[in-house]
Amino acid sequence: MPHLLAARAQMGTSLAFHIIFSVLGVGLPLLLCIAEGIALKRKDPVWMTLARRWSKAAAIIFAIGAVSGTIVEFELGLLWPTYINYTGQIIGPLFAFEGFAFFLEAIFFAIYLYGWNRLKPFYHWLCSFPIVLGGAASTWFIVTTNAWMNTPTGFIFTNGKLTGIDTVSAIFNPSTPYETVHMLLACYVACGFGVAALYAFSMLRGKRDTYRRYGLLLGLGMAVIATPLQIASGDFNARYLASKQPAKLAAMEGVFTTGTNVPLHIGGFPIYDTQTGKGTFYYAIAIPDGLSLMVGYDPNTQIKGLNEFAPQDRPNPLPIHLAFDGMVGSGFFILGIAGLFWLLYFLRKRHFPEHRLLLLGILLAGPLSFLSVELGWMVTEEGRQPWVIYGLLRTSQAVTTAPFLNYSFLTFSAIYIVLAVTMIMLLLRQGRKPLPEMKWEAVSSGNDESADVSAEQEEQVGV
Amino acid sequence: MALPSLPYIVITVLWFALIAYAVFGGADFGAGIWEILVSGPTAKEQHALIDDALGPVWEVNHVWLVFLVVGLFSGFPGAFATLVAVLFFPLTLALIGTVLRGSAFIFRTHGLRKSATIWNRIFSFSSVITPFFLGAGAAAVASGGIQDLGPKTQANLGSLWLTPFCLTIGVLSLALCATMAAIFLTVEATNQKKADLVIIFRRRGLIAGAVTAVLGAVGLAEAAFQAPTLWQGMLAHAVPLVIATMVIGVGAAVALYFGYYRIARALIIAETAFMLGSWGVSQIPYIIPPKLTVDAAASSPSTQLLLIIGIAIGMIIILPSILLLFYIFKYKGGMGLLSKGATGGTIL
Ligand code: HDD
Ligand code: HEM
Ligand code: HEM
């Protein structure tokens, strides 16, 4: 594998792996907080059991999130030393702030997880708040850095030297609000559907009890609030790209030449030669004037095409368009599922809809929402190519000179495979543990201040 | 007296973060190193003691490493870019070690009882790799061999970080981690009223401490030849710190011998802090001797100011939280500062 490709492959694999745990690390604490809150308010042992069992799963997920995040953090330097040299100078402090957000999360998560029987119930519940906040803050910080890579501001670059560095203006670069909001919502969407899908699965296998119904309600409750907001925010993102990242929009939508009355292509394959600037769109459903209408509410809105950019600055539209349509398609599908579920739920006077097809739909929505996250990142990252910091540094200039990157890529890929397989085995094992006897005295926190939970007790309360 | 410049404030904060990582993260690695020796009738209890000690805190301790990395590249991007380029291999190995250590620990404590032996091995093996390569990498910096600067510098294949001096410091890091872990575990075992384990770890602490002292002396002697800049710097302004390091080390051993485990723990923390402090002070004014100074490597003043403000706000939130964590899991109901734990048994 060529040097640059190996580096990109390793970076992409690592991020694609890490993002799954990040999403769960941001979303699960909110679910825990809500479940424990309801449990305390109603003194309901079923809700409390949900919180308890999920906190055990979260321990494993968090640990893998931390180690995979560490890989990513090191790789930014190890694989792209020139990139980190620029990034550090201009927007580096954000990474340091993110470090504090990680501290906050890790500290209170440790207290939350290991403190079930050491803290009074109310204090234990309070500990979930800093975790939720820390997760949201770390998302904001890191995605802001990525936004800056897309639309870098806060410096002047002349004759190979950086001057006039202004970190604050780099932080508030134009992409920041759009990207951070969209990503944060994605965490709650994906996490909500992910949890719901698990319970849909066990209900499909005939385990239809209160515990699983509550779990499903919890997941879909979060999802139904976050998903419409997510789609609305995505719509803002796309329109914003037209003005600030036109090359990305052109690649996303397969616009080869600048023009008005640009159609919206759904699906299909934009085959395009970045060198000659010639291309054809195969098998797409074209909605006349669609894109112009979406961007400017007017069929005469002009959309910049890839021909506006020098051949060496053009991204390849094929993977970007497919990824974008995959994200949007999944987005509407999961919205439909969540909407249908709650519609039936309220139409039937809060009677739980348990139709097989609906449960199958929820089961599918879980993986699809995680897929949307991955695809959305493909759009963002591939759409920025060939730049790593748009207009300032090319990916090919940023890469390290270190040899043997092929082996490094293989090693890390092997590590990811082993980690993923082991972790899934572990979570499945925990999930299969029988439910404990759900009595308030047995599951509520802080009952027995003096004694630690014994190993057997721990086993029983598993996930 | 002139106020220290911004870059010196930043590097001092980072040095304290380094000390925090060396002490807390180092002890966690040390516990993993002792896993290799776990055997005999108390094997199960030793595993359990280590699991209990690390469980609630290792992730937080690990964040110090993350903080160090990001602090270094925002405060001193040029130095960071050079280090990751030149030390690509030792850092990649240390990274792999960190990753395997964390995952192996969580896998073996969360239920994979059947395959736990494999993960136990990975846990101890990776606990050896990381401190060794981090130590060797640090020694490569200190020895003044990194003369080509910038992100496009070639990765070094070993001539810089596998010298006798670097190997000594790599093994010294292991020995120090093992000493700290043993001492921390004497306190944990005393808290859990497990006298037999206290005695095991007291003995290990004393032996590992002696090894650390010997390696420290060897390293110091080697520095005179292999790390001339560092040696000169030490003679110029770090002699008192080096002497203090030695005295504190002896104190820790005495406290450990007589069973004052909490005092021994405080002293070994101080010992590590002074050891790293002596290194830092000897290096002044260089961040990567013998060419790159702290001032020359620093990012722009506005970036540094923002960084310092952010760190100050962050620490106000984080330090009390860390204290709370340690209070809940390490102090509440534990042994008193001046109380004496179990002693006895043969040392050698
Ligand atoms: C649950 C996941 C999810 C769902 C349902 C959607 N998205 Fe999304 N999208 C993401 C998850 C995501 C993401 C993974 O989180 C990205 C990658 C970078 C980012 O900030 O968010 C993203 C990026 C992203 C971008 C690129 C932003 C940039 O590069 O600056 C656009 C234009 C959209 N999205 C638009 C949409 C639209 C129009 C959707 C309507 C259905 C949509 N997204 C649904
Ligand atoms: C976690 C979600 C993310 C995913 C799934 C993701 C995905 C990817 C992928 C697939 C690549 C390879 C692209 C290519 O070379 O074709 C890449 C590259 C890269 N990403 Fe991201 N990314 C994510 C977030 C981020 C963030 C938040 C940052 C910055 C702080 C970032 C920085 C980089 C860098 C520096 C590269 C290498 C240079 C390049 O190829 O442009 N990524 N990412
Ligand atoms: C290039 C991009 C990224 C880098 C360098 C990075 C770095 C890291 C690091 C070093 C950690 C470990 C912290 C610890 O030790 O506890 C971590 C965890 C985490 N990251 Fe990332 N990250 C990146 C992308 C993202 C994105 C896009 C998100 C947001 C959705 C995110 C959210 C998180 C969260 C929530 C955690 C805590 C996970 C947990 O403990 O389970 N990260 N990340």
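A quick note: this is a predicted structure, and the numbers were derived from the prediction, not measured.

A. Summary view of the coordination of the iron atom of ligand 1. All names here are of chain A. Listed as protein donors to the iron atom of ligand 1 are His182 (NE2) and Met327 (SD); their distances from the metal cover 2.1 to 2.4 Å. Each of the six donor atoms bound to the iron atom of ligand 1 contributes to angles spanning 82 to 179°, and the resulting shape is octahedral. Taken together, the positions of histidine 182 in helix H7 (residues 176-204) and methionine 327 in helix H11 (residues 317-347) put the pair 145 residues apart, joining distant regions of the chain. Considered together, histidine 182 and methionine 327 belong to a single accessibility category, that of buried residues.

B. Representation of helix H13 (residues 301-331) of chain B. Of all the bends in H13 of chain B, the greatest, near 35°, is centred on methionine 315 of chain B. Two residues or fewer past H13 of chain B, glycine 333 of chain B is found with a positive phi of approximately 75°.

C. Spotlight on the interface of chain B and chain A. Between chain B and chain A, the contact holds 62 residues from the first and 63 residues from the second. Together chain B and chain A conceal approximately 5,600 Å² of surface at their shared face, both sides included; 80% is due to carbon and sulfur atoms. Here chain B is connected to chain A by zero salt bridges. With 16 residues, H13 of chain B is the single largest residue contributor to the side of chain B that touches chain A. Of the residues belonging to the side of chain B that touches chain A, the class tally is 39 nonpolar, 19 polar and four charged.

D. How the structure looks around the pattern of salt bridges. Residue and element names in this part refer to chain A. Scanning all chains against the criterion turns up nine salt bridges over all chains. Residues glutamate 381 and arginine 384 are paired through a salt bridge, measuring 3.1 Å at the closest nitrogen-oxygen approach. Judged on exposure class, the residue glutamate 381 and its partner arginine 384 are both buried.

E. The nonpolar core, seen in detail. Counting 237 residues, the largest nonpolar core has Tyr83, Phe103 and Ile362 of chain A together with Phe76 and Ile287 of chain B as its most contacted members. Once residues lying within four places of it in the same chain are set aside, the contact partners of isoleucine 362 of chain A are Ala196, Ala197, Ala200, Leu216, Leu220, Ile337 and Phe341 of chain A. Tyr272, Ile303, Ala323 and Leu375 of chain A belong to the second largest nonpolar core, which has 21 residues in total.

F. Main features of the site of ligand 3. The environment of ligand 3 is formed by 24 residues, the closest being His18, Phe62, Gly69, Glu73 and Phe102 of chain A. At the site occupied by ligand 3, the surrounding residues belong to chains A and B. With respect to ligand 3, the side chain of histidine 18 of chain A contributes an N or O atom lying 3.0 Å from a nitrogen atom. Within the backbone of phenylalanine 62 of chain A, an N or O atom sits 3.5 Å from an oxygen atom of ligand 3.

G. Main features of the side chain of histidine 182 of chain A. A relative accessible area of 15% places histidine 182 of chain A in the buried class. Setting aside residues up to four positions removed in sequence, histidine 182 of chain A forms contacts with Gln230, Ser233, Gly234, Asn237 and Met327 of chain A.

H. Representation of the packing of aromatic side chains within the structure. This model, assessed by the stated rule, comprises 44 aromatic pairs over all chains. Each ring, one from phenylalanine 256 of chain A and one from tyrosine 272 of chain A, has its centre 4.8 Å from the other, and the planes form 15°; the classification is stacked. Here the residue phenylalanine 256 of chain A occupies a position in the loop between helix H9 (246-253) and strand S3 (264-266), and tyrosine 272 of chain A occupies one in strand S4 (residues 269-273), the gap between them amounting to 16 residues. No difference in accessibility class separates phenylalanine 256 of chain A from tyrosine 272 of chain A, as the two residues are buried. Here the aromatic rings of tyrosine 257 of chain B and phenylalanine 258 of chain B are separated by 5.2 Å at their centres, their planes lie at 85°, and the arrangement is edge-to-face. Residue classification places phenylalanine 258 of chain B among the partly exposed positions, given a relative accessible area of 44%. Every member of this aromatic cluster is reached through a ring pair, and the members are Phe341, Trp342, Tyr345, Phe346 and Phe352 of chain A. Here arginine 239 of chain A stacks its cationic end above the ring of phenylalanine 236 of chain A, 5.8 Å away from the centre of that ring. The side chain of arginine 204 of chain B reaches across the aromatic face of phenylalanine 201 of chain B, ending 5.1 Å from its centre.

I. Quick look at the site of ligand 2. Residue and element names in this part refer to chain A. Arg8, Leu15, Glu381, Glu382 and Gln385 are the nearest of the 22 residues found near ligand 2. At a separation of 3.0 Å, an oxygen atom of ligand 2 approaches a polar side-chain atom of arginine 384. Broken down by element, the residue count for the shell around ligand 2 peaks at six residues, all from helix H1 (residues 3-42). Along the lines of polarity and charge, the residues of the shell around ligand 2 split into 13 nonpolar, five polar and four charged.

J. Structural detail: the packing of H1 of chain A against helix H2 (residues 45-79) of chain A. All names here are of chain A. In contact at an axis separation of 7 Å, H1 and H2 are set at 155° when each is read in the N-to-C sense. Relative to H2, the element H1 is oriented roughly antiparallel. The element H1 and its partner H2 pack so that their crossing is left-handed.

K. Just empty space enclosed by the protein, in detail. Throughout the structure, instances matching the rule amount to four cavities of 30 Å³ or more. Roughly 100 Å³ of volume is contained in the largest cavity. For the lining of the largest cavity, the elements supplying multiple residues, two or more each, are helix H3 (81-114) of chain A together with helix H3 (58-75) of chain B. If you tally residues by element for the lining of the largest cavity, the top one is H3 of chain A, at five residues.

L. Examining the pairing of S4 of chain A more closely. Residues and elements named next belong to chain A. The alternating pattern of S4 places Pro270 and Tyr272 on a buried face, while none of Phe269, Ile271 and Asp273, on the opposite face, is buried. In this sheet, strand S5 (residues 278-282) lies alongside S4 in antiparallel orientation, the contact comprising five bridges. Paired with tyrosine 272 across the two strands is glycine 279, which belongs to S5.

M. Structural view of a nonpolar patch on the surface. Judged by side-chain polarity, Phe269, Ile271, Tyr282, Tyr283 and Leu322 of chain A come together as a nonpolar surface patch covering roughly 540 Å² of accessible area. On the secondary structure map, tyrosine 282 of chain A appears in strand S5.

N. Region of the structure containing H2 of chain A. All names here are of chain A. The first and last C-alpha atoms of H2 sit 49 Å apart over 35 residues, in line with the 51 Å expected at 1.5 Å per residue. Here H2 lies mainly inside the structure; 35 of its 35 residues are buried. The backbone nitrogen of valine 46 has a side-chain oxygen 2.8 Å away, supplied by the residue at the start of H2, namely aspartate 44.

O. Up close: the packing of H1 of chain A against helix H14 (residues 405-432) of chain A. Residues and elements named next belong to chain A. Put simply, H1 and H14 touch, their axes get as near as 9 Å, and they point 20° apart. In terms of axis orientation, H1 runs roughly parallel to H14. Of the two possible hands of crossing, H1 and H14 adopt the one that is left-handed. The residues of H14 that touch H1, namely those facing His3, Ala6, Ala7, Ala9, Gln10, Thr13, Ser14, Phe17 and Phe21, are Leu405, Asn406, Ser408, Phe409, Phe412, Tyr416, Leu419, Ala420 and Met423.

P. Main features of the confidence of the model for chain A. Residue and element names in this part refer to chain A. Here chain A shows a mean pLDDT of 90. Residues at 70 or above account for 96%. Mean pLDDT across the secondary structure elements of chain A bottoms out at helix H16 (residues 455-461), with 40, and peaks at helix H5 (residues 128-150), with 96. Scored below 50 in pLDDT, residues 448-463 makes 27 contacts in the model with residues more than four places away or belonging to other chains.

Q. Highlighting unusual backbone geometry. Backbone torsion omega between glutamine 385 of chain A and proline 386 of chain A reads 0°, so that peptide bond is classified as cis. Note the cis peptide between proline 289 of chain B and proline 290 of chain B, where omega equals 5°. Tracing the sequence through the fold places proline 290 of chain B in the loop between strand S1 (286-288) and strand S2 (292-293). Here asparagine 261 of chain A, not a glycine, exhibits a phi torsion of approximately 50°, which is positive. Summarising the element assignment, asparagine 261 of chain A is placed in the loop between H9 and S3. Even without a glycine there, the phi angle at tyrosine 283 of chain A is positive, about 55°. Structurally, tyrosine 283 of chain A can be placed in the loop between S5 and strand S6 (285-287). For tyrosine 283 of chain A, a relative accessible area of 72% corresponds to the exposed category.

Thresholds, definitions, all that
Think of each chain on its own: its residues are numbered from 1, step by step along the sequence as written. Think of it this way: whatever chain is written first is A, whatever ligand is written first is 1, and the rest follow in order. Side-chain atom pairs in this predicted model are given and counted only at pLDDT of 80 or more, local residue features only at pLDDT of at least 70, and totals for whole chains, interfaces and linings cover all residues. Think of the side-chain values as coming from all heavy atoms in the structure, minus any hydrogens and water. Donor selection uses N, O and S atoms within 2.8 Å of the metal (3.2 Å for Na, K and Ca). Since no water is included, sites may look incomplete. Donor angles set the geometry label: tetrahedral for four donors if every angle is between 85 and 135 degrees, square planar for four and octahedral for six if opposite donors exceed 155 degrees and the others are between 65 and 115, irregular for anything else. Numbering of helices and strands starts at the N terminus; helices are DSSP runs of H or I of at least 4 residues and strands are runs of E of at least 2. Burial classification: accessible surface area is computed with a 1.4 Å probe over protein chains only, and a residue below 20% of its type maximum counts as buried, one above 50% as exposed, and the rest as partly exposed. Note on bend: the value at a residue is the angle between axes fitted to the seven residues ending there and to the seven starting there. Contacts are assigned to residue pairs with any non-hydrogen atoms lying within 4.5 Å of each other. Here the quantity called buried area is the accessible surface, traced with a 1.4 Å probe, that two parts lose on coming together, added over both. The working definition used for a salt bridge is a side-chain nitrogen of Lys or Arg within 4 Å of a carboxyl oxygen of Asp or Glu. Throughout this entry, Asp, Glu, Lys and Arg are counted as charged residues, while Ala, Val, Leu, Ile, Met, Phe, Trp, Tyr, Cys and Pro are counted as nonpolar. The remaining residues, Gly among them, count as polar. What makes a nonpolar core is a set of buried Ala, Val, Leu, Ile, Met, Phe, Trp, Tyr and Cys residues whose side-chain atoms join them at distances within 4.5 Å. Any residue with at least one heavy atom within 4 Å of a molecule or strand is counted as near it. Whenever a nitrogen or oxygen atom comes within 3.5 Å of another N or O atom, the pair is scored as a polar contact, on the condition that within protein one atom can donate a hydrogen and the other can accept it, and that pairs from neighbouring residues in sequence are kept only if both atoms are in side chains. Between the rings of Phe, Tyr and Trp (Trp by its six-membered ring), a pair exists once the centres lie within 6.5 Å; its type follows the angle of the planes, with under 30 degrees stacked, over 60 edge-to-face, and the other angles tilted. Sitting over a ring, as applied to charges here, requires NZ of Lys or CZ of Arg to be within 6 Å of the ring centre and within 35 degrees of the ring normal. Here, axes are lines fitted to C-alpha atoms. For helices the fit covers the stretch in contact, and angles between N-to-C directions go from 0 to 180 degrees. Should an angle fall under 35 degrees it is called roughly parallel, over 145 degrees roughly antiparallel, and 65 to 115 degrees roughly perpendicular, with every other angle called oblique. For a crossing to be left-handed, the near helix must be turned anticlockwise from the far one by less than a right angle; the clockwise case is right-handed. Cavity and pocket criteria rest on a 1 Å grid covering protein atoms alone: a 1.4 Å probe that fits but cannot get out defines a cavity, protein on both sides within 12 Å along at least 5 of 7 lines defines an open pocket, and an atom within 4 Å of a point defines a lining residue. Grid points are joined across faces, edges and corners, and a volume is the space filled by probe spheres set on the points. For two strands to pair, DSSP has to find at least two bridges joining them. Two distance rules govern patches: like charges are joined within 9 Å, and nonpolar side chains (Val, Leu, Ile, Met, Phe, Trp, Tyr) within 5 Å, applied only to residues with over 30% relative accessible area and no salt bridge. With residues, only the protein chains shown are counted as cover, and all accessible areas are computed by Shrake-Rupley using a 1.4 Å probe. Helix span, expected: 1.5 Å multiplied by one less than the number of residues in the helix. The pLDDT value expresses, per residue, how confident the predictor is, ranging between 0 and 100.

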